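# Overview (structure and organization)
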Amino acid sequence: MIDANKNGSRPDSKLRRAMDSISMTNIHHLIFGDNCLNTCQQGTEQINHIYGCPIVANQTVRAGVLPFKYNIDTDHRGLYVDVKVDNIFKSVTAELHRPKERKMSSANLKQSDTSKESDCLTLKWGGGDDSSW
């Protein structure tokens, strides 16, 4: 994904030439053609992009552009793509497991408690439902 602040759909654009030279496709433009929405409130063009290689482009199931201010406080729209991950990576996908607990010791108990609390917050925020752990 790239916040390029440039329209990448014009053939004379540096961004478009750069992405074409490495065979990257603007996924939203691939799906919506010239009907891509503007992605910044101050503009009239798509300046945020999600590019994918030919394999990813061929395995894209759905893509979309969210309304302004939809769960994010910014003047840019959220973009998303859904891809068939199993078709892209085949059996190379790794199952995620809970990391081993770190053995922490410190003479500074206040710092040690802060670090443990931070680790727990990271696991809950990033791991979603931790009931399987």
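Thresholds applied
Residues numbered from 1 in each chain as written. Predicted model: local features only at pLDDT ≥ 70, side-chain atom pairs only at ≥ 80, totals over all residues. Heavy atoms only, no water. Core = buried A, V, L, I, M, F, W, Y, C linked by side-chain atoms within 4.5 Å. Buried < 20%, exposed > 50% of the residue type's maximum accessible area, 1.4 Å probe, protein only. Contact = heavy atoms within 4.5 Å. Phe/Tyr/Trp six-rings, centres within 6.5 Å; stacked < 30°, edge-to-face > 60°. Lys NZ or Arg CZ within 6 Å of the ring centre and 35° of its normal. Polar contact = N/O pair within 3.5 Å; in protein donor to acceptor, adjacent residues only side chain to side chain. Helix = DSSP H or I, 4+ residues; strand = E, 2+ residues; numbered from the N terminus. pLDDT = per-residue confidence, 0-100. Patch = residues over 30% accessible without salt bridge, like charges linked within 9 Å, V, L, I, M, F, W, Y side chains within 5 Å. Areas by Shrake-Rupley, 256 points an atom, 1.4 Å probe, with all protein chains shown as cover. Salt bridge = Lys/Arg side-chain N within 4 Å of Asp/Glu carboxyl O.

As a rule of thumb, soluble globular proteins bury nonpolar side chains together. Counting five residues, the largest nonpolar core is built from Ile27, Ile50, Ala57, Ala63 and Leu79. The residues contacting Ala63, other than those within four sequence positions of it, are Ile27, His28, Ile31, Phe32, Tyr80 and Val81.

This paragraph deals with the packing of aromatic side chains. Taken as a whole, this structure holds zero aromatic pairs when the rule is applied. In this structure, Arg77 is placed above the aromatic ring of Phe68, and the distance from its NZ or CZ to the ring centre is 4.1 Å.

Turning next to helix α1 (residues 14-21). Helical geometry: 3.6 residues make up each α-helical turn, so side chains three or four residues apart lie on a common side. For α1, the N-terminal cap is Ser13; the gap from its side-chain oxygen to the backbone nitrogen of Leu15 is 3.2 Å. Within two residues after α1, Ser23 carries a phi angle of roughly 60 degrees, on the positive side.

This part takes up the confidence of the model for the chain. The share of residues in the chain with pLDDT of 70 or more is 73%, and the mean pLDDT across the chain is 76. The least confident element of the chain is helix α5 (residues 109-127), whose mean pLDDT is 49; the most confident is helix α3 (residues 54-58), at 91. Below a pLDDT of 50 lies the segment residues 118-133, which in the model reaches nine contacts outside its immediate sequence neighbourhood of four places, other chains included.

Here we take up the side chain of Ser13. Position of Ser13 relative to the elements: it lies in the loop between β1 (2-3) and α1. Looking at Ser13, the relative accessible area reads 11%, which means it is buried. One polar contact links the side chain of Ser13 to the main-chain amide nitrogen of Leu15, over a distance of 3.2 Å. Within the local environment of Ser13, its side chain forms a polar contact with the backbone nitrogen of Arg16, the two atoms lying 2.9 Å apart. Excluding residues that lie within four positions of it along the chain, Ser13 makes contacts with Asn7 and Gly8.

Below, the discussion takes up unusual backbone geometry. Unusually for a residue other than glycine, Ser23 sits at a positive phi of about 60 degrees. Mapped onto the elements of the fold, Ser23 is located in the loop between α1 and β2 (25-26). When its relative accessible area of 43% is taken as the criterion, Ser23 is described as partly exposed. Within the chain, Asn71 stands out as a residue other than glycine whose phi angle is a positive 65 degrees.

Moving on, we get to a nonpolar patch on the surface. A contiguous nonpolar surface patch, about 250 Å² in accessible area, is contributed by Leu30, Ile31 and Phe32. Along the polypeptide, Ile31 turns up in helix α2 (residues 27-32). By relative accessible area, which is 40% here, Ile31 ends up partly exposed.

Now for the side chain of Asn26. Mapped onto the fold, Asn26 is located in strand β2. On the accessibility criterion, Asn26 (9% relative accessible area) is buried. Of note is the side chain of Asn26, whose polar atom sits 3.2 Å from the backbone nitrogen of His29.

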